[in-house]
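# Structure assessment
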Amino acid sequence: MNVHLFGLPLNVHRRLKEESGEWQSAVPEGHRFRATPIASTTFSQAEVRELLRGVGEGYTHILIPASRAWGDIRQRIQFDCRVHIVRLREPFRDLTWTLLQEQLHKLVELDEQWLGRISPKATNHALLLPPVVFTTARQTADYWKHCDVYAADRFDSAEQLLKEVERHHRRDDPQGGRSWIDDRSRRFRIDPARHARSQADRAGVKSFRFCYEVPPGFHYDVTHESGKSFTVPVGGRPESVTHCNVTPWGYVRRG
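Residues numbered from 1 in each chain as written. Predicted model: local features only at pLDDT ≥ 70, side-chain atom pairs only at ≥ 80, totals over all residues. Heavy atoms only, no water.

Although it is not a glycine, Trp23 sits at a positive phi angle of roughly 65 degrees. Since its relative accessible area comes to 13%, Trp23 is described here as buried. Not every positive phi belongs to a glycine, and Phe210 is a case in point at roughly 50 degrees. Its place among the elements puts Phe210 in the loop between β8 (207–209) and β9 (212–214). (Buried < 20%, exposed > 50% of the residue type's maximum accessible area, 1.4 Å probe, protein only. Helix = DSSP H or I, 4+ residues; strand = E, 2+ residues; numbered from the N terminus.)

A full pass over the atoms with the stated rule returns 9 aromatic pairs. For the pair Trp114 and Phe210, a centre-to-centre distance of 6.4 Å together with 25 degrees between the ring planes defines the contact as stacked. Here Trp114 is found in helix α4 (residues 97–117), whereas its partner Phe210 is found in the loop between β8 and β9, with 96 residues between them in sequence. In terms of burial, Trp114 and Phe210 fall into one category: buried. A cation over a ring is seen here: Arg82 above Trp114, with NZ or CZ 4.4 Å from the ring centre. For Arg170, the ring lying beneath its charged end belongs to Trp180, and the centroid distance is 4.6 Å. (Phe/Tyr/Trp six-rings, centres within 6.5 Å; stacked < 30°, edge-to-face > 60°. Lys NZ or Arg CZ within 6 Å of the ring centre and 35° of its normal.)

Put into structure tokens, the structure is as follows:
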């Protein structure tokens, strides 16, 4: 697990880094850690780019001190990363290395459980389906949101919900194997060709969904069960198609 502490004021960051001995034991052995300070109470574009660059390098478990600006960050990477918003002791001058280290270790302990129980392990996992395109049944509505949980006592219900998604939406495929059927009778097949590569893919930037590294070019071939046309958002506008390619983020390319 790669953990990124993002958003401490620069002076506090420097003090705690010195207290910790260059962040020694910031996270348990076997995990990686980095810390990025900010210059003010808001996040500059350069600082946000630094955070996103870290995500592309696999730092998908993020701890952000409570801030008015955290909402924008979470919106950008929701369902890709784990974003822990923590109210650390205020004023920050009272924050000690011991208190911060305790929060970091709690993050790792919780996310180890979440990774083992909820996060995808393979490309056939339901959490890779695109929420902006895949239409759920009433019983499985917003399951992506309900699986992005930050309390261990909610893991059981998230696991049960994923079983419901499997029961309602996983079907045998006439072409062999199994694929996903949404509530509008559209079949989402994994395309093994993986030809929907983005510029980031080609530049070697990793992409993640629920902390699972999505293979470059991964996408679904989508058709209607009856073979008829259906409507999908292409470039933000609804279009009628009979076949299209869709990525886990809902980017659509006509087939």
